[in-house]
Amino acid sequence: MTQPRILIACVGNIFLGDDAFGVEVARRLAAIELPEGIRVVDFGIRGIDLTYALTDGYESIILVDAVPRGGTPGTLYVIEPILDETPGLEGPGTLLDAHGMDPAKVLRLAATMGGRVGRVLLVGCEPETCDEPEDMQAGLSGPVLSAVDEAVPLILSLAGRLLRGEDVAKGGGDVNPVTEVGTWQA
């Protein structure tokens, strides 16, 4: 078996409503036969596990997460985050929380551990529920559940284009282009 070239890293907390978007996408992708070179993992809130996975030499990472950006619930975003070339762990609040996940912090920590990824894309979904972590809520809202149906083919198309070396920033017949280049808050 060939070393997977693309990691589809799904994250989220199943006890926080729409934050489980990535987890549900991972569940759906697990039921599909994927092309060789693609690995899907549901990391949940296990930031340390994702950090170590990012040191395994993947060419590209597609992160899948709920991303509150102020849009209509269920809106999908394809974001190419700007990653600091010299990431570090300096400053307050940059260490990983064992009970949560901040993908930006995970990427910075993985880089300090020698993890180098050629391309990182974030497929995010605008949540309807954005409750406090203390407010447990099971299940996705209707708009986010519908967005899962759209996210699966979008992610598969992005992964396929990355495997073929195509430019995902320009979009194409079957995939949305990168809609934003910049940073995001997890």
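From a predicted model like this one, the values you see are computed outputs, not experimental measurements.

Asks: I tried to follow the overall build of the protein chain on my own but got confused; where do I start?
Replies: Looking only at helices and strands, one finds 4 helices and 6 strands in the protein chain. Burial status across the protein chain gives 48% buried among its 186 residues. Of all intrachain contacts in the protein chain linking residues separated by at least 6 positions in sequence, the fraction that spans at least 24 positions is 79%. Within the structure as shown, the protein chain displays about 9,200 Å² of accessible surface, and the carbon and sulfur contribution to it stands at 52%.

Asks: Is there a simple way to explain the pairing of strand E5 (residues 119-125) in this structure?
Replies: Working note: regular strand, side chains alternate between the two faces of the sheet. Summarising burial for E5: 7 of the 7 residues are buried, a large majority. What you see with E5 is no split at all: Arg119, Leu121, Val123 and Cys125 on one side and Val120, Leu122 and Gly124 on the other are buried throughout. Here strand E3 (residues 60-66) pairs with E5 via 7 bridges, running parallel. In the sheet register, Asp65 faces E5, and the bridge partner there is Gly124. When strand E4 (residues 76-80) meets E5, the two strands line up antiparallel, connected through 4 bridges. Bridging from a neighbouring strand, Leu76 pairs with Cys125 of E5.

Asks: What is the right way to read helix H1 (residues 21-30) from this model?
Replies: Residues spaced three or four apart along an α-helix face the same direction, because each turn holds 3.6 residues. With 7 of its 10 residues buried, H1 lies for the most part within the structure. Residues of H1 that are buried include every one of Phe21, Gly22, Val23, Glu24, Val25, Ala26 and Leu29, and no others. For H1, the elements touching its buried residues are strand E1 (6-11), strand E2 (38-44), E3, E4, E5 and helix H4 (142-163).

Asks: Sorry, what's going on with the pairing of E4 here?
Replies: For E4, the buried fraction is high: 5 of the 5 residues fall into the buried class. The alternating pattern of E4 places Leu76, Val78 and Glu80 and Tyr77 and Ile79 on opposite faces, both of which are buried.

Asks: I keep staring at H4 and nothing clicks. Help me out?
Replies: With 22 residues, H4 ought to run about 32 Å at 1.5 Å a step, and its terminal C-alpha atoms sit 32 Å apart, in line with that. At Glu150, H4 shows its maximal bend, which comes to roughly 30°, and the proline Pro153 appears one to four places after that position. A positive backbone phi angle near 75° is found at Gly165, which sits one or two residues after H4.

Asks: Hey, could you run me through the packing of H1 against H4 in this one?
Replies: In the contact formed by H1 and H4, the axes pass within 10 Å of each other and the chain directions differ by 55°. In terms of their interaxial angle, H1 and H4 are classed as oblique. The two elements H1 and H4 cross, and the hand of that crossing is right-handed. In this structure, H1 uses Phe21, Glu24, Val25, Arg28 and Leu29 to contact H4, whose residues at the interface are Val144, Leu145, Ala147, Val148, Asp149, Ala151, Val152, Ile155 and Leu156. A class-by-class count of the residues in the contact of H1 with H4 yields 11 nonpolar, no polar and 3 charged.

Asks: When you look at the side chain of Asp18 in this model, what are you seeing that I'm missing?
Replies: Counting through the fold element by element, Asp18 comes out in the loop between E1 and H1. There is no salt bridge for the buried Asp18, and the closest opposite charge comes from Arg28, which lies 12 Å off by N-O distance. A polar contact is formed between the side chain of Asp18 and the backbone nitrogen of Ser141, at a distance of 2.7 Å.

Asks: For this particular structure, what's the right way to read the confidence of the model for the protein chain?
Replies: Atom-level detail of predicted coordinates should not be read off regions where pLDDT is low. Here the protein chain shows a mean pLDDT of 75. Residues at 70 or above account for 64%. Ranking the elements of the protein chain by mean pLDDT puts strand E6 (residues 180-181) last, at 46, and H1 first, at 95. In the model, residues 172-178 has pLDDT below 50 throughout and makes 23 contacts with residues more than four positions away in sequence or in other chains. Below a pLDDT of 50 lies the segment residues 180-186, which in the model reaches 23 contacts outside its immediate sequence neighbourhood of four places, other chains included.

The rules behind the values
Residues numbered from 1 in each chain as written. Predicted model: local features only at pLDDT ≥ 70, side-chain atom pairs only at ≥ 80, totals over all residues. Heavy atoms only, no water. Helix = DSSP H or I, 4+ residues; strand = E, 2+ residues; numbered from the N terminus. Buried < 20%, exposed > 50% of the residue type's maximum accessible area, 1.4 Å probe, protein only. Contact = heavy atoms within 4.5 Å. Areas by Shrake-Rupley, 256 points an atom, 1.4 Å probe, with all protein chains shown as cover. Pairing = 2+ DSSP bridges. Expected span 1.5 Å × (residues − 1). Bend = angle between axes of the 7 residues up to and from the residue. Axes fitted to C-alpha atoms, helices over the stretch in contact; angles between N-to-C directions. Parallel < 35°, antiparallel > 145°, perpendicular 65-115°, else oblique. Left-handed = near helix turned anticlockwise from the far one by under 90°. Nonpolar A, V, L, I, M, F, W, Y, C, P; charged D, E, K, R; others polar. Lys, Arg positive; Asp, Glu negative; His and termini not counted. Salt bridge = Lys/Arg side-chain N within 4 Å of Asp/Glu carboxyl O. Polar contact = N/O pair within 3.5 Å; in protein donor to acceptor, adjacent residues only side chain to side chain. pLDDT = per-residue confidence, 0-100.

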